[in-house]
Amino acid sequence: MDCLLDECLDISTVMDATSTYQQWLNQSAPLKIDASKVMRVDTAGIQALASMFTSAKATEIEIQLINSTDTLLEGISILGLAELFETH
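Sequence order as written defines the numbering, with residues in each chain counted from 1. Totals for whole chains, interfaces and linings use all residues, but because this is a predicted model, local features are given only for residues with pLDDT of at least 70 and pairs of side-chain atoms are given and counted only at 80 or more. Only hydrogens and water are set aside; all other atoms, that is, all heavy atoms of the structure, feed into the side-chain values.

K.L.:
Is there a simple way to explain helix H3 (residues 70-78) in this structure?
P.N.:
One turn of an α-helix holds 3.6 residues; hence residues three or four places apart share an orientation. The rule is simple: take the accessible area with a 1.4 Å probe, protein chains only, and divide by the maximum for that residue type; under 20% is buried, over 50% is exposed, in between is partly exposed. Helix and strand definitions follow DSSP, with helices as H or I runs of at least four residues and strands as E runs of at least two, each counted in order from the N terminus. What H3 keeps buried is the set Leu72, Gly75 and Ile76. End-on view of H3: buried residues confined to an arc of 100°, all on one side of the axis. Exposed and facing more than 90 degrees away from the buried side of H3 are Asp70, Glu74, Ser77 and Ile78. When checking whether two residues touch, look at their non-hydrogen atoms; a contact exists if any pair is within 4.5 Å. The secondary structure elements touched by the buried residues of H3 are strand S2 (8-9), strand S4 (40-41), helix H2 (43-58), strand S5 (63-66) and helix H4 (82-85). Among the residues trailing H3, Gly80 stands out with phi positive, at a value near 70°. Here, the arc refers to the directions that run from the helix axis to the C-beta atoms.

K.L.:
So what exactly am I meant to see when it comes to H2 here?
P.N.:
To estimate the expected span of a helix, subtract one from its residue number and multiply by 1.5 Å. The end-to-end C-alpha distance of H2, which contains 16 residues, comes to 22 Å, matching closely the 22 Å that a straight helix rising 1.5 Å per residue would cover. Listed as buried for H2 are Ala44, Gly45, Ile46, Ala48, Leu49, Ala50, Met52, Phe53 and Ala56. Pairs of N or O atoms within 3.5 Å make up the polar contacts considered here, provided that, within protein, one atom can donate a hydrogen while the other can accept it, and that residues adjacent in sequence are counted only when both atoms are side-chain atoms. The N-cap of H2, judged by a side-chain oxygen 3.1 Å from the amide nitrogen of Ala44 a few residues on, is Asp42. Just downstream of H2, Glu60 is the residue with a positive phi angle, here 60°.

Take a look at the structure:
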């Protein structure tokens, strides 16, 4: 299933994003998370995304982050989470 992240991935969007992520996970289908529109991130947003990836892997749902923007990659790198996301 192809899933598109919003432009803003920060604390102001975490509650809505978490609900969306849960819906994606409930599909139990392989997930391709397209991050091509992400222009604003913070730690809370990346933590929510990390939680989704951790949940997917724990339930053996294939998940992949694709088309990551430099902004998102920088945030992931600063937090030392590149291995979790296996960014492409």
